[in-house]
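Chain and residue survey
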Protein chains: 2
Amino acid sequence: MTKYLSDLEIANQATVRPILEIAEEAGIPADAVEPYGHFKAKIDTSKVTTNKEGKIVLVTAMSPTPAGEGKSTVTVGISDAFKELGKSVMVALREPSLGPVFGMKGGATGGGRAQVLPMEEINLHFNGDLHAITTANNALAAFIDNHIYQGNQLNIDPRRVEWKRVIDMNDRTLRQVVVGLGGPFKGVPREDGFDITVASEIMAVFCLSNNITDLKENLGKMTIGYTYDRKPVTVKDLGVEGALTLILKDALKPNLVQTIEGTPALIHGGPFANIAHGCNSIIATKTARKLADIVVTESGFGSDLGAEKFMDIKARKADIKPDAIVVVATIRALKMHGGVAKTELSNENVESLKSGIQNLEKHIENLRLFGVEPVIALNNFVTDTDAEREFVQNWAKEQGVKLALTEVWEHGGKGGVELAKLVLEVLETPQDFKHLYDLSMPVEEKIRTIVQKIYGADDVVFAEKARKQLKTIADNGWNEYPVCMAKTQYSFSDDPKKLGRPTGFNVTIRELIPKTGAGFIVALTGDIMTMPGLPKEPAALKMDVDADGNAVGLF
Amino acid sequence: MTKYLSDLEIANQATVRPILEIAEEAGIPADAVEPYGHFKAKIDTSKVTTNKEGKIVLVTAMSPTPAGEGKSTVTVGISDAFKELGKSVMVALREPSLGPVFGMKGGATGGGRAQVLPMEEINLHFNGDLHAITTANNALAAFIDNHIYQGNQLNIDPRRVEWKRVIDMNDRTLRQVVVGLGGPFKGVPREDGFDITVASEIMAVFCLSNNITDLKENLGKMTIGYTYDRKPVTVKDLGVEGALTLILKDALKPNLVQTIEGTPALIHGGPFANIAHGCNSIIATKTARKLADIVVTESGFGSDLGAEKFMDIKARKADIKPDAIVVVATIRALKMHGGVAKTELSNENVESLKSGIQNLEKHIENLRLFGVEPVIALNNFVTDTDAEREFVQNWAKEQGVKLALTEVWEHGGKGGVELAKLVLEVLETPQDFKHLYDLSMPVEEKIRTIVQKIYGADDVVFAEKARKQLKTIADNGWNEYPVCMAKTQYSFSDDPKKLGRPTGFNVTIRELIPKTGAGFIVALTGDIMTMPGLPKEPAALKMDVDADGNAVGLF
């Protein structure tokens, strides 16, 4: 068996080109490029003034498993494949959170020969966007507590402040805290908690705003809590939406980097794919469309989560639609959905694929509900056998769904050419995109529609608390918002252990959280962790810097 | 009376030149310049390899008052004056904290015609240095709590964790908190608190390290708390000094900007001047020395605090010395020290100067203890009268101390030429620099020396707690460290109300905090605030961004 290099080794061997060259090739006007070092830049989008509207290829996946599917890797790889085919292409990705970097090994910049560069810097502070969001979030928290402390003119109930502080770190100790202790000069005591930065509503607002004016308006609409007489209090009531926008103004410019093969990539914004919508910023996607004929972008987790939200939340806000959809699948993941343990994945097991394939089947059915024909990227692993591949290929033929093997991890763009060609066929065929539900439906019905049509559940059950919240939502005129489902990514159901294609289940909605700035209602099923913890042996223990300032042990 | 423009208006009218031009003029090799946008850059110091060792002009001040002395303004102005005189000059300044920006109006980038540009960006995220320090600080906090949660192999006593979390925000509500609540999966509960980022020991370590290897070593030496049997626990014990260095590696490169008149400026690091030493980074100062014949740098608060620490802490760590010292004074401040109320400062009052001048006199006496002859910059204000100026000038003549009027706020470098010429005279005369105390003296004696010689106190009194800590310091072998006094900046004494030149007082040391990474022992006198609060009407309420993305109401 070939000895494979690590992602960092491959990245270090790759030649990273000056970002000004990449920008020029991408057709970005020189005065729109603000370099951050030699290999990253921010783009002043007001100076990108073409009339082009490139087509959108959305990359999603089957229900993820611990085996790893390589969705970002395929997203990068197919972009390089389009470039290989002489197409004008740009990739738009989410930016990684710094927190998890110190917990588990593994970045969010693709892998093997299908990576974006410079991976170290993208995985660390990356032009400061997440720091700006942390700062804006915590400035707002300070403004709220200061308002209460300084007389509380708005009559905010400290027990009903919903706005949490954030930190871009895995820190379980901050999940539940009490602040304002120490007497009258140290604020008003109240229960509080910290989320990880990517879970901040500001991250969602940032990614769902079309420009800086839109951003300010949406920030102003965020509900930070309730008065003693239960009226919502917004950022606009506090009068600080201008200051928050000021904190975010530079971060709002999308970040330009490159793939190993020199394809231009915009990496910008990275909201959670459970309590938020899990897609890169609208501004990045739209800027890429002005510059390239084909824009490849991804959504978080499986198609039941990220892709559904792309269609029903992001596409609406941005007034865009996917022109083609790629569903990433692997034989290893299909086997896990067929009941094979992670330790047994390297052994051939065609039998397990027969039930495992039903997971993929349901994803394909779902995506067809949106009127866009999906293409399957079967992402090759060295342990896959011919018999296994043949089984999946035959199944695809029976289903009438396009499927291509991809070897982008090992071969970069060349390994994705077959996939790119199939996607081009879809792009050349008019698709009939439609949303899953109408905004005019009440929130309860929107949730029922998603749960039944996308998850395959019998029905939705609202817990007592959620039932009451449905009334608050109606009373406050929030029924017009789309729904942002917060569900385990591992199953179509709300039980992470129900793999494959579960049937005969209900989905319970525990709580509803109105995100009036992002413009959606989060529906929580089960426990959704908004602040991760560190493992016993954090990856940080292996990290170092050599005397020349080079990162060691980052990945 | 002339109508004066605001600092922001002046800054906006100024022509800011491309940073690559400024870098080239400053003799920085092109491959050492990492642009951050068009007007800021980071410098890869490993590529600045001259043998030059420019002379150091240290700018300090009399005891500050609410009237404002304009120390940063004079620091910038005299640099421009040296340029005006055809000298090779670079200015090295501290970088501002973002927190206070949203509280009170006012930046830290000089004023009038003596400013550094681009002021907006310097006062907001400025290349992410403070964010990196916040991140490193809070990563360490997460690693500590995770260690305790995951079995606590090091036997850390959660009640004796001294490492606090930080946030770059004025947020009184976080001063005293309880973390780890919510049951066994949310950590181990303990009392905690947040400081503002600039109060983090990491900021001090960052500024007192000579290079990245030194940084890693110093980070490793930081004491984070004590075991159940009272043994100090260091970052090295936790094994995360490499990860912290990785977080800081880009921030460690000094930031290049320019003054309104195009003088190159390195702005890098900004530790508190009470619980830390209050000077910009050693790396910035040393890099500037490699590039310019004259390096102008400032220290925090009055000479009793920042300058003393420059001499006894920074100069030792960096193996440098000041070749000339400028003491900034104003007639308004002298009048306040002479008992005039802030509201009465615009009225002529020569009588008050007679007692007020004693404050300046003591600063001059003190600085002469270090063997370097100080030069007074009497920073002009429109309300100063001829009689007042004459009084101060005559006094200076009697004292045999050089004094120049400066009008850098109004006239930029031209307004500082007289001052620059006097400083050049000092630079051309050999000075006999010496530290105030020997490192071999015990901490108690070092404190007594500072308190008696610099503050003019009768003696030092150690509170019960501090008395015990002197023993811990001796037991742990920490007596070799210099002392970092944390005292009110408004008075030579520990009582902020005792203006002028107080006599017949003792200074009480409440607590001693060993900062074994920064390499000093903080001696706390009175209450030192390490987390500011916001005022009733925060400056944030007036801040905004227009549709073109320009800041409004920042200053």
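Residues numbered from 1 in each chain as written. Chains lettered and ligands numbered in written order. Predicted model: local features only at pLDDT ≥ 70, side-chain atom pairs only at ≥ 80, totals over all residues. Heavy atoms only, no water.

1. Structural notes on the overall build of chain A
The condition is simple: Strands are runs of DSSP state E lasting at least two residues, helices are runs of H or I lasting at least four, and both sets are numbered from the N terminus onward. We take the radius of gyration over the C-alpha atoms and set the globule estimate at 2.2 Å times the residue count to the 0.38 power. Accessible area is worked out with a 1.4 Å probe on protein chains only. A residue is then buried under 20% of its type maximum, exposed over 50%, and partly exposed in between. Only heavy atoms enter the contact rule, under which two residues are in contact if any of them lie within 4.5 Å. Using the Shrake-Rupley algorithm and a 1.4 Å probe, accessible areas are obtained, with residue cover drawn only from the displayed protein chains.
Scanning chain A for helices and strands turns up 19 helices and 26 strands. In terms of C-alpha radius of gyration, chain A reaches 23 Å, essentially the compact-globule figure of 24 Å for 555 residues. In terms of overall dimensions, chain A has C-alpha extents of about 70 × 60 × 50 Å along its principal axes. Counting across all 555 residues of chain A, residues that qualify as buried make up 65%. Counted over contacts in chain A with a minimum sequence separation of 6, partners at least 24 positions apart contribute 75%. Of the accessible surface of chain A, which amounts to about 19100 Å², a share of 49% is contributed by carbon and sulfur atoms.

2. Points about the pattern of salt bridges
How we decide: Salt bridge, as applied in this entry: a Lys or Arg side-chain nitrogen positioned within 4 Å of an Asp or Glu carboxyl oxygen.
Counted according to the given criterion, the structure contains 80 salt bridges over all chains. The residue Asp475 of chain A makes a salt bridge to Lys471 of chain A at a minimum N-O spacing of 2.8 Å. You can see Asp475 of chain A and its partner Lys471 of chain A sitting in helix H19 (residues 464-475), four residues apart, about one turn around the helix. Grouping residues by exposure puts Asp475 of chain A and Lys471 of chain A together as exposed. Close ionic contact of Arg368 of chain B with Glu373 of chain B constitutes a salt bridge, the shortest N to O distance being 2.9 Å. For Arg368 of chain B, a relative accessible area of 31% puts it in the partly exposed group.

3. Some details on the sheet that holds strand S24 (residues 520-524) of chain A
Sheets are built from strands that pair by backbone hydrogen bonding, the pairs being arranged parallel or antiparallel. Residue and element names in this part refer to chain A. Note the threshold: When DSSP locates at least two bridges between a pair of strands, those strands are taken to pair. Axis lines are fitted through C-alpha atoms, for helices just across the contact stretch, and the angle between N-to-C directions can take any value from 0 to 180 degrees.
One open sheet accounts for three strands, arranged S21-S24-S23; its pairing is mixed. Of all strands in the sheet, those with a lone pairing partner are strand S21 (483-486) and strand S23 (511-515), marking the two edges. Adjacent strand axes in the sheet meet at a mean angle of 25°, parallel and antiparallel pairs treated alike. Sheet analysis places S21 next to S24, joined by four bridges and oriented parallel. Bridge pairing in S24 places Ala486 opposite Leu524. Of the strands in this sheet, S21 and S24 touch helix H12 (residues 303-318), which is tilted by about 170° from S21.

4. Some points on the relation of the copies chain A and chain B
Heads up, the condition is: A least-squares fit on C-alpha atoms brings the copies together, and the residues used are those whose pLDDT is at least 70 in both copies.
In the superposition of chain A on chain B (RMSD 0.0 Å, axial shift 0.0 Å), the rotation amounts to 180°. Taken together, these values place the two copies in the relation of a two-fold axis. Nearest to the rotation axis, the C-alpha of Tyr36 of chain A is located 2.1 Å from it, this being the minimum over chain A. Taken together, the interface assignments show that 100% of the residues at the interface of chain A recur at the interface of chain B, consistent with an identical surface on both copies.

5. Quick look at the state of the cysteines
Residue and element names in this part refer to chain B. Under the convention used in this document: For this text, the term disulfide refers to a pair of cysteine sulfurs within 2.5 Å.
Per the counting criterion, the structure on display carries zero disulfides over all chains. Cys279 forms no disulfide, and the closest cysteine sulfur to it belongs to Cys207, at a distance of 8.4 Å. Just so you know, Cys484 is unpaired, no disulfide at all, and the nearest cysteine sulfur is the one on Cys279, 9.5 Å from it. Take Cys484: its relative accessible area is 0%, and that puts it in the buried class.

6. Quick word on the interface of chain A and chain B
For clarity, the threshold we go by: As used here, buried area is the combined drop in accessible area, with a 1.4 Å probe, of two parts when they are placed together.
Counting residues at the interface gives 71 residues for chain A, matched by 71 residues for chain B. Taken together, the two surfaces of chain A and chain B that pack against each other cover about 5900 Å², and 64% of this comes from carbon and sulfur. Summed over the three residues of chain A that lose the most area to chain B, namely Arg172, Thr173 and Leu246 of chain A, the buried surface amounts to 11% of that side. In this structure, the connection of chain A to chain B is made through six salt bridges. Between Asp171 of chain A and Arg165 of chain B there is a salt bridge; the shortest N-O distance is 2.9 Å.

7. Topic: the domain arrangement of chain A
It is common to give the size of an interface as the accessible area that goes away when the parts come together. Residue and element names in this part refer to chain A. To keep things clear, this is the line we draw: Note that domain bounds follow an automatic or database assignment of domains. Definition of a polar contact: a pair of N or O atoms within 3.5 Å, with one able to donate and the other able to accept a hydrogen when the atoms are protein atoms, and with sequence-neighbouring residues admitted only if both atoms are side-chain atoms.
What the domain assignment lists for chain A is domain 1 (52-127 + 251-428), domain 2 (129-248) and domain 3 (443-524). In this assembly, 31 residues from domain 1 lie in contact with 21 residues from domain 2. When domain 1 packs against domain 2, close to 2100 Å² is buried across both sides, 62% of that on carbon and sulfur atoms. Our enumeration of links across domain 1 and domain 2 arrives at 12 residue pairs in polar contact (both at pLDDT 80 or more). Considering every element that reaches the side of domain 1 that touches domain 2, the biggest residue donor is H12, with four residues.

8. Considerations on the packing of aromatic side chains
As a reminder of what qualifies: Aromatic contacts are taken between Phe, Tyr and Trp rings whose centres are within 6.5 Å, Trp giving its six-membered ring; a plane angle under 30 degrees counts as stacked, one over 60 as edge-to-face, and the others as tilted. A ring has a charge above it when a Lys NZ or an Arg CZ is no more than 6 Å from the ring centre and no more than 35 degrees off the ring normal.
Applying the stated rule across the entire model yields four aromatic pairs over all chains. Pairing Tyr36 of chain A with Tyr36 of chain B gives two aromatic rings, centres 5.3 Å apart and planes at 50°, and the pair type is tilted. Residue Tyr36 of chain A is found in strand S1 (residues 33-36), and its partner Tyr36 of chain B is found in the loop between strand S1 (33-35) and strand S2 (41-43); the two belong to separate chains. You can call Tyr36 of chain A buried: its relative accessible area is 10%. Taking 6.3 Å as the distance between ring centres and 70° as the angle between the ring planes, the aromatic pair formed by Phe102 of chain A and Phe143 of chain B counts as edge-to-face. Taken together, the residues Phe102 of chain A in helix H4 (residues 99-103) and Phe143 of chain B in helix H6 (residues 129-149) connect one chain to another. Residue classification places Phe102 of chain A among the buried positions, given a relative accessible area of 0%. Across the ring face of Tyr455 of chain A, the terminal group of Lys487 of chain A is positioned such that the distance to the ring centre comes to 4.6 Å.

9. A closer look at the pairing of strand S6 (residues 114-117) of chain A
Residue and element names in this part refer to chain A. Alternating positions in S6 separate into two faces, Ala114 and Val116 on one and Gln115 and Leu117 on the other, with burial throughout. Pairing of strand S5 (residues 110-111) with S6 involves two bridges; the strand directions are antiparallel. Counted as the bridge partner of Gly110 is Gln115 from S6. Between the end of S5 and the start of S6, which pair antiparallel, lie two residues, with Gly112 showing a positive phi angle near 60°. With two bridges connecting them, S6 and strand S14 (residues 255-259) associate as antiparallel partners. Paired with Leu117 across the two strands is Gln258, which belongs to S14.

10. Quick notes on the nonpolar core
Worth spelling out the cut-off: In these notes, a set of buried Ala, Val, Leu, Ile, Met, Phe, Trp, Tyr and Cys residues joined through side-chain atoms within 4.5 Å is what counts as a nonpolar core.
Counting residues in hydrophobic clusters, the biggest one holds 257 residues, and the most contacted among them are Ile447 of chain A together with Ile447 of chain B. In contact with Ile447 of chain A, other than residues within four places in its own chain, are Val460, Phe462, Val483, Met485, Ile509, Leu512 and Ala523 of chain A.

11. A short note on empty space enclosed by the protein
Leftover empty space is mapped by rolling, across the atoms, a probe with the size of a water molecule. Rules: Of the grid points, spaced at 1 Å and generated over the protein atoms alone, those admitting a 1.4 Å probe that cannot get out make up cavities, while open sets with protein on both sides within 12 Å along at least five of seven lines make up pockets; any residue with an atom within 4 Å of a point is treated as lining. Grid points are joined across faces, edges and corners, and a volume is the space filled by probe spheres set on the points. Under the convention adopted here, Pro, Cys and the residues Ala, Val, Leu, Ile, Met, Phe, Trp and Tyr are nonpolar, Asp, Glu, Lys and Arg are charged, and Gly plus all remaining residues are polar.
For the coordinates displayed, the defined rule picks out five cavities of 30 Å³ or more. One number sums up the size of the largest cavity: a volume of about 220 Å³. For the largest cavity, the lining is made up of 18 residues, of which Thr134 and Asn138 of chain A together with Thr134, Asn138 and Ile167 of chain B are closest to its centre. A per-class count over the lining of the largest cavity returns eight nonpolar, eight polar and two charged. Taken together, Glu95, Pro96, Leu98, Ile122, Leu124, His125, Phe126, Gly128, Asp129, Leu130, His131 and Asp168 of chain B make up the lining of the second largest cavity. Top contributing element to the lining of the second largest cavity by residue count: H6 of chain B, with three residues.

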